[in-house]
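Each chain, letter by letter, is given below.
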Amino acid sequence: MITVDDFNFENKKALIRVDFNVPLDEDFNVTDSNRIEAAKPTIIKILEDGGSAVLMSHLGRPKGERNPALSLSHISEKVSEVIGVQVKFIDDCIGEKAEKAVAELESGEVLLLENLRFYAEEEKGDKLFAEQLSHLGDIYVNDAFGTAHRAHASTTIVAGFFPDKKCFGYLLAKEIKAIEKVMKTGEKPVTAILGGAKVSSKITIIENILSKINHLIIGGGMTYTFIKAQGGKVGNSICEDDKMDLALSILKKAKDMGVQVHLPVDVVAADDFSNSANTKIVAVDDIPEGWQGLDAGPKTLENFREVILASKTILWNGPVGVFEMESFAEGTISVGNFIDEATKNGAFSLVGGGDSVAAVKQFGFEDKVSYVSTGGGAMLESLEGKSLPGIAAILEA
Ligand code: AMP
């Protein structure tokens, strides 16, 4: 894999696609600078080589129009603070002004361009726009995993203008390696824990990973489609009736492939979808009418613990309960604790995709798992086995 380590950036201008799509408060202060921190090592390596960095990113969804509220000027100070270099900002990302600012950039300096999505051409993957971007650097570096699944001008098309002069930044390289460690080179037993609300949103992932794993733990709202399909009573639990056949075919496929599937055996059932609902522990296949399963039960968690602790490679996507409500967060917290324990015992653990990252952050598991993916959609598409255009564009000759 070709990374920034394969280049010496002395006197070179690196055009770096970063993901600085950070949250801002109403006074335009950055409220979470994780994504800026994540890009720091790549930028520092380039500056230490004696190069300069031209940073390009999107922020929010301006839909091709200049929107002052979504200007990257708001984050310029925060980027300076995190990188430790006073960053220059230019209020365009292509054209004369931007080219002049790049020409004036000296070694050790950092230039932040204006929001790429102020131009509709960015999301359209417009070639001419990408070519204009390509004038802004000698070497193209992609360090934005969060947008690697999009064939946008700055994430994919621009790479075509840098034959032999393009590479991955450290963050993107780390993401790719972490996914490979689970999907290709993972030490066995490999366990995938899939939760979340619906089977329908996870089906492609399940189908793709079955050939790569030994154990599949199913939790969360997905559970009830599987249980009802097998003849269980799920009461008012979330259930996709039209996906029951699919659920049965997954179970059969898993069996044929020698993958052990672990479904909940008991659940915390509630008489309302509310934090203050009445609750009771019931068998997963005997949930009374008017009640719904909202978290994993104690026996289930014991079973999950055993499987997780015996695993050497763990992938976690999706909470095993409605973790946003305190009354139904225990299952998800416990799964996090089991993964923490397994990781301490030497397992490699990867958490990624949508809400599982939110859960991991909320409960402080970020430093306890081996790797937390920074890209929701990109991670999900990787797990689905799709080739990500932003990654392919760097690998192509
Ligand atoms: P996903 O984005 O597919 O990973 O789904 C995450 C969502 O699933 C979270 O907002 C959870 O609250 C929700 N969820 C987890 N378990 C259940 C459940 N038993 N019933 C309803 N929703 C659930």
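A brief look at the structure comes next.

**Here we look at the environment of valine 79**
Then, in step 1: Within the element layout of this structure, valine 79 appears in helix 2 (residues 76–83).
Then, in step 2: Along the backbone, valine 79 and serine 33 are 46 residues apart, and their C-alpha atoms lie at a distance of 8.5 Å.
Then, in step 3: Excluding residues that lie within four positions of it along the chain, valine 79 makes contacts with Phe20, Ile36, Leu55, Gly84 and Val87.

**So, the side chain of lysine 166**
Then, in step 1: As for its placement among the helices and strands, lysine 166 is situated in strand 6 (residues 166–168).
Then, in step 2: Glutamate 396 provides the closest opposite charge to the buried, salt-bridge-free lysine 166, at an N-O distance of 5.4 Å.
Then, in step 3: A distance of 2.9 Å separates a polar side-chain atom of lysine 166 from the backbone oxygen of alanine 393.
Then, in step 4: Reaching out from lysine 166, the side chain makes a polar contact with the backbone oxygen of glutamate 396 at a distance of 2.9 Å.
Then, in step 5: Not counting chain neighbours up to four residues away, the residues in contact with lysine 166 comprise Ile2, Phe7, Tyr140, Ala159, Ala393, Ile394, Glu396 and Ala397.

**Notes on the pattern of salt bridges**
Then, in step 1: One pass over the full model with this rule turns up 18 salt bridges.
Then, in step 2: The salt bridge involving arginine 66 is made with aspartate 92; its shortest N-O contact spans 3.5 Å. Here aspartate 92 lies in the loop between strand 3 (88–89) and helix 3 (95–103) and arginine 66 lies in the loop between strand 2 (52–56) and helix 2, a separation of 26 residues in the sequence.
Then, in step 3: Exposure remark for arginine 66: the relative accessible area of 48% places this residue in the partly exposed category.
Then, in step 4: The salt bridge partner of aspartate 286 is lysine 233, with a shortest N-O separation of 3.8 Å. Here aspartate 286 is found in strand 13 (residues 286–287), whereas its partner lysine 233 is found in strand 9 (residues 233–234), with 53 residues between them in sequence.

**What about the sheet that holds strand 5 (residues 139–142)?**
Then, in step 1: Read across the sheet, 6 strands follow the order 3-4-2-1-5-6 without closing on themselves; strand pairing throughout is parallel. This sheet does not close on itself; its edge strands, each paired only once, are strand 3 and strand 6.
Then, in step 2: Note that strand 2 and strand 4 (residues 110–112) share 3 bridges and pair parallel. When the sheet's bridge partners are listed, valine 54 is paired in strand 4 with leucine 111.
Then, in step 3: On top of the sheet, helix 1 (residues 34–48) reaches strand 1 (13–17), strand 2, strand 4 and strand 5; it is set at about 150 degrees to strand 2, its chief contact.

**Notes on the nonpolar core**
Then, in step 1: The biggest cluster of nonpolar side chains holds 75 residues, and the ones touching the most others in it are Leu113, Phe145, Leu216 and Leu350.
Then, in step 2: For this core, the leading source of residues is helix 6 (residues 170–183), giving 8 residues.
Then, in step 3: Each of domain 1 (4–173) and domain 2 (186–383) contributes no fewer than three residues to this core.
Then, in step 4: Once you skip the residues sitting within four places of it in the chain, leucine 216 turns out to touch Ala192, Leu194, Ile206, Leu210, Val259, Gln260, Val261 and His262.
Then, in step 5: Of all hydrophobic cores here, the second largest spans 30 residues; its members include Phe7, Ile43, Val110 and Cys167.

**Focus on the side chain of aspartate 266**
Then, in step 1: Within the secondary structure, aspartate 266 sits in strand 11 (residues 266–270).
Then, in step 2: No salt bridge forms around the buried aspartate 266; measuring N to O, its nearest opposite-charge neighbour lysine 299 is 4.9 Å away.
Then, in step 3: At 3.0 Å, the side chain of aspartate 266 forms a polar contact with the backbone nitrogen of lysine 299.
Then, in step 4: At 2.5 Å, the side chain of aspartate 266 and the side chain of threonine 300 are in polar contact.
Then, in step 5: When residues no more than four places from it in sequence are discounted, the contact partners of aspartate 266 are Ile281, Val282, Ala283, Val284, Ala296, Gly297, Pro298, Lys299 and Thr300.

What counts and how
Residues numbered from 1 in each chain as written. Predicted model: local features only at pLDDT ≥ 70, side-chain atom pairs only at ≥ 80, totals over all residues. Heavy atoms only, no water. Helix = DSSP H or I, 4+ residues; strand = E, 2+ residues; numbered from the N terminus. Contact = heavy atoms within 4.5 Å. Buried < 20%, exposed > 50% of the residue type's maximum accessible area, 1.4 Å probe, protein only. Lys, Arg positive; Asp, Glu negative; His and termini not counted. Salt bridge = Lys/Arg side-chain N within 4 Å of Asp/Glu carboxyl O. Polar contact = N/O pair within 3.5 Å; in protein donor to acceptor, adjacent residues only side chain to side chain. Pairing = 2+ DSSP bridges. Axes fitted to C-alpha atoms, helices over the stretch in contact; angles between N-to-C directions. Core = buried A, V, L, I, M, F, W, Y, C linked by side-chain atoms within 4.5 Å. Domains from an automatic or database assignment.

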